[in-house]
Structures are given as structure tokens and as C-alpha cells.
Amino acid sequence: MSGDRVYDLLEGIVGEGNVSREPHILECYARDSTTNPPSQPDYVAMATRVEQIQELVRLANREGVPLVPVVGMSSTGGLTIPVEGGIVVDLHKMDRIIEINEDIDYAVIEPGVTIGRLDAELKKRGYWVSLPVGPPGSAGLVPGYILHGYGHLGGKFGINSEQITGMEVVMPDGELVRLGGCAVSPYWFHRTPIPDLMGLILGWQGTTGIVTKLGINIYPRPGFKDMVGWGMFTPHEEPLPESSARFLMKVARLGLAHDISGHSWGAVQIGRGLKYPLPPKPREEPELYFSATLYGFSREELAMKKKILESLVREGIEEGLPVACTDVTERVKVEMPTRYALKYSDHRGGGGLDYIGSITPIINWPQGIKRLNEIFDRHGFTPYIRLAIYRGTLQGMMRALMPYNRGDEKDVEAVRKIAREVVQVVLDCGGLVYKAPSFACEEMWKRGDPNFLELMRRVKQTLDPKRIMNPGRLAL
């Protein structure tokens, strides 16, 4: 016996060697790559079975101790920082790929399955999924999906959460429930037509339950890939004119590309591994780079898609848009999961990387990107803006990334200010912040329907009356 009653109870649940209160271990769970203030948990418990998670939740209820689920330790937005201490439940050992159903095209995985492992397994079988953009292959797939993350095939499949077909959840009282079609059917193939209660879990940042199994769509992997690239040759002060935004909307409406992405000039240089400070942008290079990723099951299909898209770009040039084709040879070789995360986080040295991501109407990107450039310039940071269009819509991701030096307090404070200013830009553009840190949630709720916020509070109170599940998130 350790003399610490809670520690002994935790060890009794997850077993010897799977619980820790060592300061150097706790410190690993006290922070993420962002500038959100660190906070240590009191204990870390590594679960290996669903029954253990149920017992941990019941223990947290009895003891009135906060409980924070984590996977992969690549979270952002401070979402897994235990701001009120308590128990961190590390799920990375629950890493079984339970089922890959090639007759109905879905997979069922545990929360510890990494992006890289699932992608490798599906690749062997000729399948793929939309992989979260940004995290390394060692990151868990489940968090990106249940937090409405963006995938590298968003132009074809939409946001990650739209690919969820079912889930198993340990609720805040320790009960186990299945949501989606798997609640009735032996198959995890779809979340409708029964009432879709996944809304009680999706986007709630681990405050309403712990997902222990997730069903997701899988798709046959096309054998042929190509890209069409174009640059926006615009002034830094007016990086994306409305006419150019409308051109992007025209490309989106074609529905040909699996991914349509844009990067600011600085973002491209960081991706190439250049360190801070960057040289001035050469006049002959574009302010924004765009690329459309095309896939086909035959060379003929791919060639037809590329021909149509290149014709559209030529039409844009003939109509006077500030557009020219760019070489995307390097990007064609890029595969997911990305290997670029370390380049981004070490651009200024010190390994820090913060960001504010949003879902924002494309028509409002011109004012948004212009103001983001102004914010980065005012604080002396390289404008690092990432854009992507979602399936079947005229909205998409507008994300500002801020590499910073963790060891430089001036850098840290500057990025904290930038993040708050970016949130205001997003909201002014009619956008919504995803994977939002608490301060961003507070700003969204100030502008939102008060009855929406009240309903969220009532749902949280009903499901988690003792407020043990990841307290401090969503500004609730």
C-alpha cells in the first residue's frame, strides 16, 4: 500500500505499473504544444479495458475528482490540460482495430489506434479514410473525429465527424451505451435513421463521456493521383480579392477534387523547412498557393478531371483574375499522415505551435485573410494561413498557425495575443472556432443565442451533475 488512498484505488482498477503520481510523469500531461497555461494532474491512470474506464469514472464520482481522457498526447487548444487537476485517463493502450468490414465499408477502432497504424492497415487492403491534417502518424484518430477535425480529403468526404457511423461511450455515471445504428443492429454502418444522439458527445471536448469504440466509413483507395496548382499573385495588403474567392467557389462546385487547399506564402516556406526570420517574399512569387488534389481509379478518369480543372484555371486567367499555374510537383508526392508537423513547430526554435482553426464561409475569406495578415505583421510573425474547402459546401477551414519559441516569454505572450485577435476575426467573418480553447468558447457564447448556451449547460448538468468530466472546457 502506498499510503495514498486514491492512488491505491486507481492501482486496484488498472493494475500495478499503470498508474503514476511521479512529478516527471505528471508534467508530461500538464501541457500541450499551445500557449494555454499548463496544469498538472494529480494522477495518471492507463486503462486497457472498457470495464476499467467504467470503474475509473465511478471512482471519480465517489471521490468528486475531475477526470480527463487523453490519447496520443498531440492535443491542441489546451483541451486535455487538467485545469482542475484530478485523474488523467490515458487511453493509448486501448489500440485494437476491432473490425474492418469490407462488405459494408466501415471500420471499428478503439481510441488508442493511431492515424499511422490505421492508414497502414487500410492501405494493405486497398482502403483509406480521411486522416486528420496536421497531427503526426503517432496521434490517435478518434480525437480528431469526435472534435469535428478536418481531414486531408475534406473536399470529398467533409469534416471528420461526418464519417462517424457509430460509437460506444462510457457516460459520466459509468454506464456504457452504444450510439448510432450499432445500438440496434449488429453492424456499425450508419448513425441514422434512429435519433442521432451522438450530438451529446461530438464536439463536447470530453465533457460528456469517454468514447471507447468508434465506427467510421472507409472507402476504396484510388490508384492514381495528380494535382493542379495555381497561385494568387496579389498584394500582401489585399491577398484574396472577392473575385478570387468566387473563383474558388466555382472550383468547389465542380466536385472533382478530393481536396482543395490554400497556403499563404510564409506557410509554404515553413513547410520547406526555412527557419525564422524568412527573407522578404520575392515579387515573382504568389501571395497564396492553392492546389486541388485529384484521384482516379483509372488514368482516363484522372486525366479527364485534370483537363476540366486546368480549363477552369485558364478561363480564370483569361477573365483577368490574378491567377497563374504553379508547380505542385513536390506536393503530389506528399502522403498522409503528414511529416511536416515538426518543421512547423520548430520554425522559430523552441518547439511551440499554437493555432486557431475555424469553419468560415469562403465568401468571407477575403476580409478574413487580409485581417489575419495585418495581425501577424503587427506582432512580427510570419503569416501562416491554411485554407481548405469542405465537401459539397461553399465554406471551409480558415486556420491561423503560430509557431513560437516555448522558452521565449515574449514569443509566448505575443502568440496569446495573436490567438485572441484571430478569434475576433473568425467571428466577424461569421465563422466558428473548432477545437476551441476556453477563451475562444467564451467569445463565441457572447455572440451566440443565450438559449443555446443555457441548453448546453442543462445537458451538461443532466449528464454530469458532479462535474467530473474534463471540467473547465467549453467555458461551461
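Presented here is an overview of the structure given in this document. These figures come from a predicted structure and were not determined experimentally. (Residues numbered from 1 in each chain as written. Predicted model: local features only at pLDDT ≥ 70, side-chain atom pairs only at ≥ 80, totals over all residues. Heavy atoms only, no water.)

## Digging into the nonpolar core
Applicable threshold: Residues enter a nonpolar core if they are buried and are Ala, Val, Leu, Ile, Met, Phe, Trp, Tyr or Cys, with the set joined through side-chain atoms within 4.5 Å. Only protein chains enter the accessibility calculation, which uses a 1.4 Å probe. A residue is then buried if its area is under 20% of the maximum for its type, exposed if over 50%, and partly exposed in between. By the criteria applied, helices consist of DSSP H or I runs no shorter than four residues and strands consist of E runs no shorter than two, each listed in order from the N terminus. Contacts are assigned to residue pairs with any non-hydrogen atoms lying within 4.5 Å of each other.
Among the nonpolar cores identified, the biggest contains 61 residues, and Trp-230, Leu-240 and Trp-365 are the most heavily contacted of them. With ten residues, helix 13 (residues 409-428) is the single largest residue contributor to this core. With residues up to four places along the chain from it excluded, the contact list for Trp-365 reads Leu-240, Leu-248, Thr-360, Leu-387, Ala-388, Ile-389, Gly-396, Met-397 and Met-398. Leu-118, Ala-139, Ile-146 and Leu-179 belong to the second-largest nonpolar core, a separate cluster that totals 29 residues.

## So, the packing of helix 13 against helix 14 (residues 438-447)
Selection rule: Angular values range over 0 to 180 degrees, each being the angle between N-to-C directions of two axes fitted as lines to C-alpha atoms, with helices fitted over their stretch in contact. Throughout, the term roughly parallel applies to angles under 35 degrees, roughly antiparallel to angles over 145, roughly perpendicular to angles from 65 to 115, and oblique to all others. By definition, turning the near helix anticlockwise from the far helix through less than a right angle yields a left-handed crossing, and turning it clockwise yields a right-handed one.
At a minimum axis separation of 10 Å, helix 13 and helix 14 run at an interaxial angle of 30°. Overall, the two elements helix 13 and helix 14 adopt an arrangement that is roughly parallel. Crossing geometry of helix 13 relative to helix 14 is assigned as right-handed. Across the interface between the two elements, Ala-419, Arg-420, Val-423, Gln-424, Leu-427 and Asp-428 of helix 13 pack against Phe-439, Ala-440, Glu-443, Met-444 and Arg-447 of helix 14.

## A few points about the pairing of strand 8 (residues 164-170)
Short version of the rule: Two strands qualify as a pair provided DSSP detects at least 2 bridges between them.
For strand 8, the buried fraction is high: seven of the seven residues fall into the buried class. Here strand 8 pairs with strand 10 (residues 210-217) via six bridges, running antiparallel. Each residue of the ladder has a partner; that of Ile-164, found in strand 10, is Ile-216. Taken together, the five bridges between strand 8 and strand 9 (residues 176-180) define a ladder with antiparallel strand orientation. Note that in strand 9 the partner of Val-170 across the bridge is Leu-176. Hairpin connection between strand 8 and strand 9: a loop of five residues separates the two successive antiparallel strands, and Gly-174 in this loop has a positive phi of roughly 95°.

## Considerations on the pattern of salt bridges
Here is the rule: A pair is scored as a salt bridge if a Lys or Arg side-chain nitrogen falls within 4 Å of a carboxyl oxygen belonging to Asp or Glu.
Using the criterion set out here, one finds 28 salt bridges in the structure. Where Lys-306 meets Asp-226, a salt bridge forms, and the shortest distance between an N and an O atom there is 3.0 Å. Taken as a pair, Lys-306 in helix 9 (residues 299-318) and Asp-226 in strand 12 (residues 224-232) lie far apart in primary sequence, 80 residues in all. Given the relative accessible area of 23%, Lys-306 is considered partly exposed. In this structure, Lys-370 engages Glu-238 in a salt bridge whose closest nitrogen and oxygen atoms are separated by 3.7 Å. Here Lys-370, found in helix 12 (residues 365-379), pairs with Glu-238, found in the loop between strand 12 and helix 7 (242-254); they are 132 residues apart in sequence, far enough to count as distant. Judged by relative accessible area, Glu-238 falls into the partly exposed class, the value being 37%. When salt bridges that share partners are traced, they join Glu-102, Glu-121, Lys-124 and Arg-125 into one network.

## Some remarks on the packing of aromatic side chains
Stated formally: When two rings of Phe, Tyr or Trp (its six-membered ring) have centres within 6.5 Å they constitute a pair, described as stacked for plane angles under 30 degrees, edge-to-face for angles over 60, and tilted for the intermediate range.
The tally for this structure, following the rule as stated, stands at eight aromatic pairs. Ring geometry for Phe-157 against Tyr-219: centres 4.1 Å apart, planes inclined by 10°, an arrangement best described as stacked. Taken together, the positions of Phe-157 in helix 6 (residues 154-157) and Tyr-219 in strand 11 (residues 219-220) put the pair 62 residues apart, joining distant regions of the chain. Its relative accessible area of 23% is what places Tyr-219 among the partly exposed residues. A connected cluster of aromatic rings, assembled from ring pairs, spans Trp-128, Phe-157, Tyr-219 and Tyr-295.

## Here's the deal with the environment of Thr-208
Stated precisely, the cut-off is as follows: In protein, a polar contact means a hydrogen-donor-capable atom and an acceptor-capable atom, both N or O and within 3.5 Å, with residues adjacent in sequence counting only if both atoms are side-chain atoms; elsewhere, any N or O pair within 3.5 Å suffices.
Tracing the backbone through its elements, the reader meets Thr-208 in the loop between strand 9 and strand 10. Expressed as a C-alpha distance, the spacing of Thr-208 and Thr-462, which sit 254 residues apart in the sequence, is 9.7 Å. Leaving out residues up to four positions away in the same chain, Thr-208 has contacts with Met-171, Pro-172, Leu-200, Ile-201, Leu-463 and Met-469. In this structure the side chain of Thr-208 is engaged in a polar contact, spanning 2.6 Å, whose partner is the backbone oxygen of Leu-200.

## Focus: the pairing of strand 13 (residues 259-264)
Every other side chain in a regular strand lies on the same face of the sheet, so the side chains alternate between the two faces. With six of its six residues buried, strand 13 lies for the most part within the structure. Burial of strand 13 is two-sided: the residues Asp-259, Ser-261 and His-263 facing one way and the residues Ile-260, Gly-262 and Ser-264 facing the other way are all buried. Alignment of strand 13 against strand 17 (residues 385-389), held across three bridges, turns out to be antiparallel. From the neighbouring strand, His-263 faces strand 17, where its bridge partner is Arg-386.

## What to know about the sheet that holds strand 3 (residues 67-70)
The strand order across the open sheet built from four strands is 1-2-4-3, with neighbouring strands paired in mixed fashion. Looking at the sheet topology across the chains shown, the edges are occupied by strand 1 (19-20) and strand 3. With four bridges connecting them, strand 3 and strand 4 (residues 87-90) associate as parallel partners. What sits directly across from Leu-67, in strand 4, is Ile-87. Here helix 1 (residues 5-14) sits on the sheet and contacts strand 1, strand 2 (43-46) and strand 4; the angle it forms with strand 2, its principal contact strand, is near 10°.

## Digging into the environment of Ser-244
For Ser-244, the position within the fold is in helix 7. Residues Ser-244 and Thr-234, spaced ten residues apart in sequence, show a C-alpha to C-alpha distance of 9.9 Å. Leaving out residues up to four positions away in the same chain, Ser-244 has contacts with Met-232, Leu-321 and Pro-322.

## Some details on helix 7
This is how the line gets drawn: Helices are assigned an expected span. That span is 1.5 Å times one less than the residue count.
Its 13 residues give helix 7 an end-to-end C-alpha distance of 19 Å, which sits within 8% of 18 Å, the value for a rise of 1.5 Å per residue. For helix 7, the set of buried residues is Ser-244, Ala-245, Phe-247, Leu-248, Met-249, Val-251 and Ala-252. Turning to helix 7, the residues buried within the fold contact strand 12, strand 13, strand 14 (288-296), helix 9, helix 12 and strand 17. Immediately beyond the C-terminal end of helix 7, within one or two residues, lies Gly-255, with a positive phi of roughly 70°.

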